[in-house]
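Notes for the structure review
As a plain string of letters, each chain reads:
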Amino acid sequence: MDTTTNWYWEGNIVDALAQHLSNSGWHIESKADTRSKARGIDIQASKGEQKLLIEVKGYPSKEYRDPARAAALLAALRIQTKNPSAKVALAFADFPRFRTLFDETYRGLERLGVGVFMVNEAGQVWEWGVGN
């Protein structure tokens, strides 16, 4: 089964979020090739002098589960350490499990300065802690 057809596949979340950011005035500098499982920052965007670096996680399908993809916060902290002047955010497929995790951690994310995006099945984006 081709999991890339699922709306919540990571590559589809990257594409929807990049479109949202572009529509919001961000210049998309790069997007990771998630189909080839490319390493690195999933979305790099800029608006004026502000740089935004985003670690994206889809939702695992029944056919595909990769435990190495679970450490989103660690990835965000590594990105922030290497890019201290950039805004770093996490992005997820909008599922109840991710909303619950956000509700349980948003104060810590705020203290760390990590923003969050959630992309739903219709491609609508909810954002928190990113600013303009």
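Everything below is about the structure shown above.
Throughout what follows, the structure given in this document is the object of discussion. These numbers were taken from a predicted model, which means no experiment stands behind them.

So, about helix α1 (residues 10-23). Here α1 spans 20 Å end to end across 14 residues, near enough to the 20 Å set by a 1.5 Å rise per residue. Every buried residue belonging to α1 is among Glu-10, Gly-11, Ile-13, Val-14, Leu-17, Ala-18 and Leu-21, and all of these are buried. The buried side chains of α1 occupy one side of the element, clustering within an arc of 155 degrees when seen end-on. Where α1 is buried, its residues meet β1 (27-31), β2 (43-47), β3 (50-57), β4 (87-93), β5 (114-119) and β6 (125-128). Phi for Gly-25, located one or two positions after α1, is positive at around 95 degrees.

So, on to the packing of aromatic side chains. Under the definition given, this model contains 11 aromatic pairs. Judged by centre distance (5.4 Å) and plane angle (80 degrees), the rings of Tyr-8 and Phe-95 are edge-to-face. Taken as a pair, Tyr-8 in the segment before α1 and Phe-95 in the loop between β4 and α3 (96-112) lie far apart in primary sequence, 87 residues in all. No difference in accessibility class separates Tyr-8 from Phe-95, as the two residues are buried. Clustering of aromatic rings is evident, with ring pairs tying together Trp-7, Tyr-8, Tyr-59, Phe-92, Phe-95 and Phe-98. Over the aromatic face of Trp-126 sits the side chain of Arg-99, whose NZ or CZ is 4.4 Å from the ring centroid.

A few words now on helix α2 (residues 72-82). Among all positions in α2, only Ala-72, Ala-75, Ala-76, Ile-79 and Gln-80 are buried. Seen along its axis, α2 keeps its buried residues to an arc of 135 degrees; they face one direction. Turned more than 90 degrees away from the buried face of α2, the exposed residues are Arg-78, Thr-81 and Lys-82. Contacts from the buried residues of α2 go to β3, β4 and β5.

What counts and how
- Residues numbered from 1 in each chain as written.
- Predicted model: local features only at pLDDT ≥ 70, side-chain atom pairs only at ≥ 80, totals over all residues.
- Heavy atoms only, no water.
- Helix = DSSP H or I, 4+ residues; strand = E, 2+ residues; numbered from the N terminus.
- Expected span 1.5 Å × (residues − 1).
- Buried < 20%, exposed > 50% of the residue type's maximum accessible area, 1.4 Å probe, protein only.
- Arc of directions from axis to C-beta.
- Contact = heavy atoms within 4.5 Å.
- Phe/Tyr/Trp six-rings, centres within 6.5 Å; stacked < 30°, edge-to-face > 60°.
- Lys NZ or Arg CZ within 6 Å of the ring centre and 35° of its normal.

Purely geometric stuff here, so don't read any function into it on its own.
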